[in-house]
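This is what each chain is made of:
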Amino acid sequence: MVKKMVGFSLIIFFIVLFLGCYADETSYWRNGTGIVSTENGNRPKVDSPVSSEFLSDKYFKELNKLFQQVKMENEKWYVFDDSEEIAATAVINQMMDDLEKKPDALTNHENFYQFFETFDENIRKLDSITERMHFFRNRLNSYSGAPAHLDDMIDLAARGEWKLFSSKFHRFYFGDTNGALNVKFLSADGRFEAVYNTATGKIVSDPANTGTYNYAPGSIIPTKYYKHNKYDKKPWKKWGNVKGFSYQDIMSLQSGHGSDEANNNYKKVERWIKQRKK
């Protein structure tokens, strides 16, 4: 009798759980602001608590209010609901829409870093990111402030504002560019990337080698390494750097990584930075 009661209880539990999950899927369309963007970007028109001036202090307070509101609307009685992910997606969509409407507003704004910190914080609450979020990294990286010429970047690296980093996935031969002569720099906070070719002395922006924004900068620390792989590397392997040029297209190119030419070139740039420090 006891076994039957336990079995019956388990059946009821899984039925309720299934209905709850189904409710989650449909709630994206029912709730006022708990909307998750679809891959093609179609979303119902919703009322949002974010109405203040873009990038103002009040704007970020309203983003937090949006997060709390959507999370509360989508919370379920069982532990493993996805209300936080739905709320984070609503905030990210709002921020992407706002920046696309006013792309120049972020340049030199006093809340410049707060925008990126808020955006990245919400990205890291997601189980996975959408294609739009992935390619949005290119727009974000455009605010890096990286100079157009390598010589100017050497100055920044000598001052510690940028650092020379591994160019393993940025040494592909594309067009007339000798990929073995590409070197990559990371901003001090690890968010922004810039790739330069020592032969031309100019920044590299081709679809195979271009620098991209990091939602979760890499590290040898296991948790940070995992997040970098999840939010930056896996999406790159799924979609590539830019639309129309896939990861498979990139991997089909010849790479100069590991060659003597590439290694000697990297050491040469290291010496330039050390000399510039003096």
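Quick note: structure is the one above.
Basis of the calculations
Residues numbered from 1 in each chain as written. Predicted model: local features only at pLDDT ≥ 70, side-chain atom pairs only at ≥ 80, totals over all residues. Heavy atoms only, no water. Helix = DSSP H or I, 4+ residues; strand = E, 2+ residues; numbered from the N terminus. Buried < 20%, exposed > 50% of the residue type's maximum accessible area, 1.4 Å probe, protein only. Contact = heavy atoms within 4.5 Å. Areas by Shrake-Rupley, 256 points an atom, 1.4 Å probe, with all protein chains shown as cover. 1 Å grid on protein atoms, 1.4 Å probe; cavity = no way out; pocket = protein on both sides within 12 Å on 5 of 7 lines; lining within 4 Å. Points joined across faces, edges and corners; volume = space filled by probe spheres on them. Nonpolar A, V, L, I, M, F, W, Y, C, P; charged D, E, K, R; others polar.

Attention now goes to the overall build of the protein. Counting its secondary structure elements, the protein contains 9 helices and 4 strands. Ordered by position in the sequence, the α and β elements of the protein form the string α-α-α-α-α-α-β-β-β-β-α-α-α. A buried classification covers 44% of the 278 residues belonging to the protein. For the protein, the proportion of contacts with a sequence separation of at least 24, taken over those separated by at least 6, is 64%. For the protein, the exposed area adds up to about 15500 Å²; of that, 54% sits on carbon and sulfur atoms.

Right, let's talk about the layout of surface pockets for a bit. Counted as a void, the largest pocket has a volume near 580 Å³. Along the wall of the largest pocket there are 26 residues; nearest its centre are F165, K184, E193, H228 and K233. For the lining of the largest pocket, the elements supplying multiple residues, two or more each, are β1 (162-165), β2 (182-187) and α7 (222-239). Sort the elements by how many residues they give to the lining of the largest pocket and α7 lands first, with 5 residues. Across the lining of the largest pocket, the residue classes tally to 8 nonpolar, 10 polar and 8 charged.

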